[in-house]
Amino acid sequence: NRKHRLAYDVERVVQEHLTYVREEISDGWDLIHQEGEMKVYRREVEENGIVVDPLKIFHSIKGVTGHEICHYFWDYRYRMEWETTLDSTKIIEVLEPDTVIFFQMHKRVWPAAQRDSCFWSHIRCISNSEEDQPTWLVVNYTTPHHLAPIKSPHVRLVANVALICETIINEPPLNIQDIKRENIECKLTYVAFVNPGGWVPSAALRSVAKREYPRFLKRFTSYVLEQTRDKPILF
Ligand SMILES: O=S(=O)(CCO)c1ccc(-c2ccc(C3CCCC3)c([C@@H]3C[C@@H]3c3ccccn3)c2)cc1
């Protein structure tokens, strides 16, 4: 039986991401940016002349767990502290404790019209059978909502975004409570399928994406490091 009206959609999209995240970077993906452990790949795709380039970022961050990364990404309370490309974000519906619906106003990227987005956002822990750490993930997926009417001149973004995290414990000490932050590492995969929802100059959008995604992920992961530095590890 269904937990809420979007439960089937959430399940389907989560399973899709779990299937594709393991897919090796095949040909057709260009490495467009590399910075330390961060590798940013993009495929150039246009639909009806609109740039909808899929984006895939691999990154590993020492000193935090996948649970901590997903917690700070999903929880709206922190969003405006790390998201510099938003004018506003608000929860418009809580479907269940780990699934909410957000409405966001994105900062205008001249000369394009201002974008807004409405998506369900779901956080989940997937504990695999082996003893190693579970996988944590967050999915943000566009959904219509009566409290998020599309109002001109704003253009509704269409987004399917996932942040999938594994936690690695390097040189595990004998008992788990002795694990220190220098023993842990989060390996994350961030995928974003963003359709700007209306025409944007291709070159402009590609250069904005190339600049903004690495910046956004770097700022977000630095924010989590600083928030968790002196807190007990959240596995
Ligand atoms: O990871 S999330 O779910 C975090 C929750 O907020 C997410 C991240 C990014 C976006 C996003 C929204 C708008 C735009 C463009 C489209 C036309 C004009 C603005 C872009 C383009 C790719 C460039 C971009 C990339 C990163 C950050 C901002 N800008 C991306 C949406 C959701």
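Details of the structure are given in the entry above.
In this text the structure is predicted, and so the values were computed from the model without any measurement. (Residues numbered from 1 in each chain as written. Predicted model: local features only at pLDDT ≥ 70, side-chain atom pairs only at ≥ 80, totals over all residues. Heavy atoms only, no water.)

Peer 1: Got a minute to help me understand the state of the cysteines in this structure?
Peer 2: Here a disulfide denotes a covalent bond joining the sulfur atom of one cysteine to the sulfur atom of another. By the definition in use, this model includes 0 disulfides. Cys165 provides the cysteine sulfur closest to Cys70, a residue in no disulfide bond, and the two sulfurs are 3.8 Å apart. Given a relative accessible area of 0%, Cys70 falls into the buried group. Accessibility expressed as a relative area gives 0% for Cys165, which makes it buried. (Disulfide = S-S within 2.5 Å. Buried < 20%, exposed > 50% of the residue type's maximum accessible area, 1.4 Å probe, protein only.)

Peer 1: I'm lost on the pairing of strand S12 (residues 184-195) in this one. Help?
Peer 2: Every regular strand shows the same layout, with side chains that alternate between the two sheet faces. Extensive coverage of S12 is indicated by the burial of 9 of its 12 residues. Pairing analysis gives 8 bridges linking strand S5 (residues 55-62) to S12, with the strands arranged antiparallel. Within S12, the position partnered with Lys56 by the bridge is Val191. Bridging between strand S11 (residues 158-169) and S12 involves 12 bridges; their strand directions are antiparallel. Bridging across to S12, Ile168 finds its partner in Glu185. (Helix = DSSP H or I, 4+ residues; strand = E, 2+ residues; numbered from the N terminus. Pairing = 2+ DSSP bridges.)

Peer 1: Mind showing me how you'd approach the pattern of salt bridges here?
Peer 2: Between side chains of opposite charge, pairing is possible as soon as their charged atoms come close. Following the criterion strictly, the structure yields 17 salt bridges and no others. Taking the shortest distance from any N to any O, the salt bridge between Glu46 and Arg206 comes out at 3.4 Å. Taken as a pair, Glu46 in strand S3 (residues 46-47) and Arg206 in helix H4 (residues 202-228) lie far apart in primary sequence, 160 residues in all. For Glu46, a relative accessible area of 42% puts it in the partly exposed group. Residue Arg206 is classed as buried on the basis of its relative accessible area of 13%. Taking the shortest distance from any N to any O, the salt bridge between Arg211 and Glu212 comes out at 3.4 Å. Look at Arg211 and you get partly exposed, because its relative accessible area is 46%. (Salt bridge = Lys/Arg side-chain N within 4 Å of Asp/Glu carboxyl O.)

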